[in-house]
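Listed below are the residues making up each chain.
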Number of protein chains: 4
Amino acid sequence: MHINVHKVDMASPSDVSGLVALIDAGTVDPATIIALIGKTEGNGGANDFTRGFATLSYQLLLAKHLKLTPDEIGKRIAFVWSGGTEGVLSPHATILTKTEAQGTPDGAKRLAMGIALTDTIPPEDVGTKKHASAVADAVRRAMSEAGINGLNDVHYVQVKGPLLTPAGIADADKRGVTTATRDPNGSKVFARGAMALGVALGLGEITQAAFDATRIAADLDVYSAVAATSAGGELTSCEILLFGNSSKATSPFRMGHAVLADAIDASGVRRALASAGLTLSAEPTKDETSRIAAIFAKAEASPTGKIRGHRNTMLSDADINYERHARAALGAVIASLTSDTAIFVSGGTEHQCPPGEAPIAAIVRI
Amino acid sequence: MHINVHKVDMASPSDVSGLVALIDAGTVDPATIIALIGKTEGNGGANDFTRGFATLSYQLLLAKHLKLTPDEIGKRIAFVWSGGTEGVLSPHATILTKTEAQGTPDGAKRLAMGIALTDTIPPEDVGTKKHASAVADAVRRAMSEAGINGLNDVHYVQVKGPLLTPAGIADADKRGVTTATRDPNGSKVFARGAMALGVALGLGEITQAAFDATRIAADLDVYSAVAATSAGGELTSCEILLFGNSSKATSPFRMGHAVLADAIDASGVRRALASAGLTLSAEPTKDETSRIAAIFAKAEASPTGKIRGHRNTMLSDADINYERHARAALGAVIASLTSDTAIFVSGGTEHQCPPGEAPIAAIVRI
Amino acid sequence: MHINVHKVDMASPSDVSGLVALIDAGTVDPATIIALIGKTEGNGGANDFTRGFATLSYQLLLAKHLKLTPDEIGKRIAFVWSGGTEGVLSPHATILTKTEAQGTPDGAKRLAMGIALTDTIPPEDVGTKKHASAVADAVRRAMSEAGINGLNDVHYVQVKGPLLTPAGIADADKRGVTTATRDPNGSKVFARGAMALGVALGLGEITQAAFDATRIAADLDVYSAVAATSAGGELTSCEILLFGNSSKATSPFRMGHAVLADAIDASGVRRALASAGLTLSAEPTKDETSRIAAIFAKAEASPTGKIRGHRNTMLSDADINYERHARAALGAVIASLTSDTAIFVSGGTEHQCPPGEAPIAAIVRI
Amino acid sequence: MHINVHKVDMASPSDVSGLVALIDAGTVDPATIIALIGKTEGNGGANDFTRGFATLSYQLLLAKHLKLTPDEIGKRIAFVWSGGTEGVLSPHATILTKTEAQGTPDGAKRLAMGIALTDTIPPEDVGTKKHASAVADAVRRAMSEAGINGLNDVHYVQVKGPLLTPAGIADADKRGVTTATRDPNGSKVFARGAMALGVALGLGEITQAAFDATRIAADLDVYSAVAATSAGGELTSCEILLFGNSSKATSPFRMGHAVLADAIDASGVRRALASAGLTLSAEPTKDETSRIAAIFAKAEASPTGKIRGHRNTMLSDADINYERHARAALGAVIASLTSDTAIFVSGGTEHQCPPGEAPIAAIVRI
């Protein structure tokens, strides 16, 4: 396996010119694209349509190149968008391609990826252990596809899956089955939590017994250290993008990760990069920062309302959602070390780290 | 002269309990307070009333202690509030006290302050060279009062002064005189610019000839490196708080400053601290950060809409004002180095640095 | 009893000049003021400090006039502020004074008011039937004080009371007692609901048996038709302002009320005014509208997300809270009939009307 | 000519299911569609991408039906979207079709439309008299196409055209020509004003001499009573949609218009409907309101900051743009009379009515 990583800036949610240029220059073969992960400049909330607009725009471009319909592109390529480019964050897309190994693997552990889908998750399973188990199975398949043998080589597992919609709840009612909650918005927490627990189980971060004993969205001290999960009303099954390092890969990149203690944890950013093989100087040099291909992080408001003893106003602000405050802060801290504001920072960390902390992963050029 | 610096957290704009505790403990003698500089948790815009609420609350407290009216406190003590605690920023007040030198100065340059007022600036002078010249005179007086001899020892000059209000414009009309602009909101730029140019002239950063040749709010390549100016409709004269170091002072602090190249310039933050005598490690230690008594910075959106080549959306966001994005970003970057989110970060930098850059000053315990 | 009603515009949350003018002109005797009800120009959310700023500003004014402390004014006069002047809504205060009957009552039913306080509501009682029962008792006292004999003559009962704060929950924990919920923000719904149910019981709108059978914040088809309740973390007991008509009063006003079917129910506004004795023409005349002394209404987003079959985006908007959308809409509809934008419109209607509907009350000059 | 009008609700900016249903039912022949005018649920500001997403979504649908490319659909059909569904406003699209006259015209004046395009407006002409003159010529052509003879029969002229972009200004610089302003955002006012003045000239509302004497965006007492203009950076020429009544048309609708004195002018709404032949009762009946096919209005904050003597906070609110406050208010007032929240309300009225007022037009079923 050989994974390549290209990052393109976007002038608007429908701006696909960066990828057009890469295709036209022969740098990217559209047939090799397996995933796009990016930030769009919406508000990141329920009425953020920039994610859908970006997906449709890239689907139309790739449909033209690959002689497929936009729907077929949607099935072939994983699109992961996070809305909200607060502070210095820059709208962009990271394009991931996958081809056969180039030459013989040299034995070094290099970037590898696996993608897997679950079956349809019916409404009555959303946010439950069944949901989590389905993810766990898919995670095992993705890990196998990636050619990764052990948990220590997995660094980031991005999962997208369904939440409970009013239509889903109505359907469950009709069939006489119960759902995890009757509140569509409130189901996000259960869905994200179930998927993160599923990652933990699938990777072997927790035992089956621990899994069975954990109450989803309640026992938050049980978590995966590498999951990043999101739930959307438009999805009916779960899509897993598993990133790690494999000695069978020939990719010119290595992956690493760490956990951020809070939104100003510059030290945690350094640890994530070091885990991928890049030790930054006190004042990072251009040689160092130019090796960073992509950073994926979650940002979260502290549940105590304080960071290192001082109160902030993220949770009490009625004008700006706390996720926007948190992304603005963490994005700037990361960029102050990497000199690159095109970073993937999204929100919501149930069962993805200890409460108040946040996962961060990095892809570094070898 | 002996200046002391105390920082207190605030649980709300009217929370004066931090200062109450300092007074009750005998740590702060209310009669020695000369200025309060702080952040309040409003939106930082025209309808941010948290600044006024904080001022009234502290005035009531000090009026009781000093047997004066709130108005008399307002004349005796300088209040400088910036609204908007975006990202990790923490509502707080920095309390500055001034007493006679404690013992004989040891020859080292130590924190010194001077405060001066201009006469009333009539509407027709607001945002003009007359406004600037009045500030220049007051800056010279403040410098003298601070016992500071040369420009190199001045590190931060905070100026608050009038802008043009509808009432002021009407008054000018009645007297048949013209004003710098007829747009009250637009007058902020002229007022802040005139005051910053006045600082540059008063300190000798620019010559009288250069001053005469500069068009206010137009020739932005002429600027003071240490000014931080703000304009408010409630003011009729300008108040200057000049900070620097003097060998006549016995204060246990030293001041420094630098210019930030952009909102993620961690290196600039390190330079400002180094200028005040504190060199931070790559990962700052608690011994280092505990020496930082206060940081005052300005945050600004890049006029190009880009930082280090990547676009951000500060200027096109119709939901969140660009100043809020900029403060969220810079505040987090500074706190990621200092471990303290109670930082004074405000906006608007005309003639206070090159366009897109921003001044930063620091007070460090010796 | 003789109640007078004066409405003053406010140029900012601390602007008390309208009341100063009324006092200086001898129109209002500050010693007769019993309540102020108004709108301030904050965001209406948890970080809206304009309410506190307005209260402190009026307390300082009245403290000076009545030779009392601000705290004593707070105990003597009821202050009810709602933050958020969306759309055309105008910041203002309605000042209510109470004196002895002027001459002999003429037998007509005229505006009457009663004010009563509950004892302290301990955290374990907040949002429970005990909370509701305490309100019911106070409502009965307020009704008696107002000289109102029957439910039909009660038109508006404004109740302010405590919610659960983190400190309150901690205190309950220490004493080993449980609270209605452990979520401070979520306790608003229980507190508002309990107080509204208490009004319904106190007025006899529901029987004791119905009261006992109703689950607070769950059985929302049980409600008072005249309650308007709000909960705040700064309160420890409940304050009841009961408005209605009494034949013992000599006030030059009459009160009425109605229920609005939705946020565009102009017909409901007309019914509320008609209930107070004012029938508006198709295009209301100045003679008609000048008789309207005050309007108090609640605005609420429709739980279905639709109004008369068409979807709106109040509930899905991540930038603007749904209460702000609802207040902007209803305020404009009311003002389009009354020609006066200084209207009290606030949010949150648990047990105060059927879900999606909203109460409205009016004071009309006879 | 026979114009038909269909209004469809939209569940999201990309929801075209309403039109799909009309096409599938044979109610609308996609080949006859000439224009779509609608509201999308964005923020209405520079970063509102819901307009582009809606356009692309409808273009894809119609491209499929008409065997054309989306670009060709864009040239064939006029798309006019206004972002921002504040308060009760409902996302929707009004679909306008045009076919040959059905039978012999009966002599009654009935809804007629003309559409015309200008040539490309180069940057140096944007916002100038040349821009205005080009619009005037196109307006005359649209009027002729609509079969409308006199100004009295024109009721609404929607114009979309270019503003100055950074790229346009750079292009002008390269060619050594000057532009109306160097501020891209500031150019909106000039562009909208020029286009509205062009409408006034083209319709004969003002003389050529008055046109020549008027300074664009300065002499705001010169205006068209029926223009509604908007400017966008994606446009290079102007598109004119002219609506009125013609005795040659057989459409089952009549058009009318009025001017709203302020955002709560219910009387003005009634006048616009009466001008189209529908006199509403004091409390409008279902028979009356069901005849209203579409309403197009502009909403504007009062430049004095007051409505009927009372201050509002639209212009000082730093959290919510004044256009959003104004749309929320006016939309609710209109819907309180029409019982239909799917109304086209947009902002910006330079040279489109006296300052502070706003135009409103209505299409009513005969």
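Cut-offs applied
- Residues numbered from 1 in each chain as written.
- Chains lettered and ligands numbered in written order.
- Predicted model: local features only at pLDDT ≥ 70, side-chain atom pairs only at ≥ 80, totals over all residues.
- Heavy atoms only, no water.
- Helix = DSSP H or I, 4+ residues; strand = E, 2+ residues; numbered from the N terminus.
- Contact = heavy atoms within 4.5 Å.
- Domains from an automatic or database assignment.
- Buried area = accessible area lost by both parts, 1.4 Å probe.
- Salt bridge = Lys/Arg side-chain N within 4 Å of Asp/Glu carboxyl O.
- Least-squares fit on C-alpha atoms with pLDDT ≥ 70 in both.
- Buried < 20%, exposed > 50% of the residue type's maximum accessible area, 1.4 Å probe, protein only.
- Polar contact = N/O pair within 3.5 Å; in protein donor to acceptor, adjacent residues only side chain to side chain.
- Nonpolar A, V, L, I, M, F, W, Y, C, P; charged D, E, K, R; others polar.
- Pairing = 2+ DSSP bridges.

### Considerations on the environment of Arg140 of chain B
All names here are of chain B.
Point 1. Within the element layout of this structure, Arg140 appears in helix H4 (residues 129–146).
Point 2. C-alpha of Arg140 to C-alpha of Val199: the two residues are 59 residues apart in sequence and 8.8 Å apart in space.
Point 3. Beyond its immediate sequence surroundings of up to four residues, Arg140 is in contact with Leu201 and Gly202.

### Quick notes on the domain arrangement of chain A
All names here are of chain A.
Point 1. Segmentation of chain A into domains returns domain 1 (2–99), domain 2 (110–243) and domain 3 (252–365).
Point 2. The straight-line distance from the C-alpha centre of domain 2 to that of domain 3 is 23 Å.
Point 3. Of the residues lining the interface, 27 residues belong to domain 2; the matching set on domain 3 comes to 21 residues.
Point 4. Between domain 2 and domain 3 the total buried area reaches about 1,900 Å² when both faces are included, carbon and sulfur atoms providing 62% of it.
Point 5. Between domain 2 and domain 3 we count one salt bridge in total.

### What to know about the relation of the copies chain A and chain B
Point 1. Superposing chain A onto chain B requires a rotation of 180° together with a translation of 0.0 Å along the rotation axis, leaving an RMSD of 0.0 Å. Each copy turns onto its partner about a two-fold axis. Within chain A, Ala282 of chain A has its C-alpha nearest the rotation axis, a separation of 2.0 Å.
Point 2. An overlap of 100% is found between the interface residues of chain A and their copies at the interface of chain B, pointing to a shared contact surface.

### With respect to helix H8 (residues 266–275) of chain B
Point 1. All of the buried residues along H8 of chain B are Ala266, Gly268, Val269, Arg270, Ala272 and Leu273 of chain B.
Point 2. Packing partners of the buried residues in H8 of chain B comprise helix H8 (266–275) and helix H10 (322–338) of chain A together with strand S9 (253–260), strand S10 (292–299), helix H10 (322–338) and strand S14 (358–365) of chain B.
Point 3. Gly277 of chain B lies just past H8 of chain B and shows a positive phi near 105°.

### Things to note about the interface of chain A and chain B
Point 1. Each partner contributes to the interface: chain A provides 41 residues, whereas chain B provides 41 residues.
Point 2. Contact between chain A and chain B buries roughly 3,200 Å² in total, counting both sides, with carbon and sulfur atoms accounting for 51%.
Point 3. Of all residues in chain A, Ile264, His310 and Arg311 of chain A bury the most surface against chain B, accounting for 19% of the area lost on that side.
Point 4. Linking Glu41 of chain A and Arg311 of chain B is a salt bridge whose minimum nitrogen-to-oxygen distance equals 2.5 Å.
Point 5. Between the two partners, chain A and chain B, sit 20 residue pairs in polar contact (both at pLDDT 80 or more).
Point 6. It is H10 of chain A that contributes the most residues to the side of chain A that touches chain B, eight residues altogether.
Point 7. Across the side of chain A that touches chain B, the residue classes tally to 18 nonpolar, 13 polar and ten charged.

### A few points about the environment of Ser336 of chain C
Point 1. Within the fold, Ser336 of chain C resides in helix H10 (residues 322–338).
Point 2. Overall, the relative accessible area of 9% leaves Ser336 of chain C in the buried class.
Point 3. Taking the C-alpha atoms as reference points, Ser336 of chain C and Tyr223 of chain C, 113 residues apart in sequence, are found 29 Å from one another.
Point 4. Not counting the four nearest positions on each side in its chain, Ser336 of chain C is found in contact with Ile264, Ala266 and Val333 of chain D.

### As for the pairing of strand S14 (residues 358–365) of chain C
Residue and element names in this part refer to chain C.
Point 1. Counting buried residues in S14 gives seven out of eight residues, a clear majority hidden from the surface.
Point 2. Bridge count between strand S9 (residues 253–260) and S14: eight bridges; the pairing is antiparallel. Residue pairing across strands places Met255 opposite Ile363, the latter belonging to S14.
Point 3. Sheet analysis places strand S10 (residues 292–299) next to S14, joined by five bridges and oriented antiparallel. When the sheet's bridge partners are listed, Phe296 is paired in S14 with Ala361.

### Let's talk about the relation of the copies chain D and chain B
Point 1. For the match of chain D to chain B, the screw axis carries a shift of 0.1 Å, the RMSD comes to 0.1 Å, and the turn is 180°.
Point 2. Most of the interface of chain D is mirrored in chain B, where 100% of its interface residues are also at the interface.

### What to know about the interface of chain D and chain B
Point 1. Listed as interface residues are nine residues of chain D and, on the opposing side, nine residues of chain B.
Point 2. In total, about 690 Å² of surface goes out of reach between chain D and chain B, with carbon and sulfur atoms giving 38% of it.
Point 3. Three residues stand out in chain D for area buried against chain B, namely Asn47, Ala318 and Asp319 of chain D, and they jointly supply 52% of the buried area on that side.
Point 4. In this structure, the connection of chain D to chain B is made through two salt bridges.
Point 5. The salt bridge involving Arg324 of chain D is made with Asp319 of chain B; its shortest N-O contact spans 3.7 Å.
Point 6. Run the count over chain D and chain B and you get six residue pairs in polar contact (both at pLDDT 80 or more).
Point 7. Here the side of chain D that touches chain B is built from residues that sort into two nonpolar, four polar and three charged.

### Comments concerning the pairing of strand S2 (residues 33–40) of chain D
All names here are of chain D.
Point 1. S2 sits mainly inside the fold: eight of its eight residues count as buried.
Point 2. Here S2 runs beside strand S4 (residues 92–99); their pairing, made up of six bridges, is antiparallel. The partner of Ile33 across the bridge, within S4, is Thr97.
Point 3. Here S2 pairs with strand S3 (residues 78–83) via six bridges, running parallel. In the sheet register, Gly38 faces S3, and the bridge partner there is Trp81.

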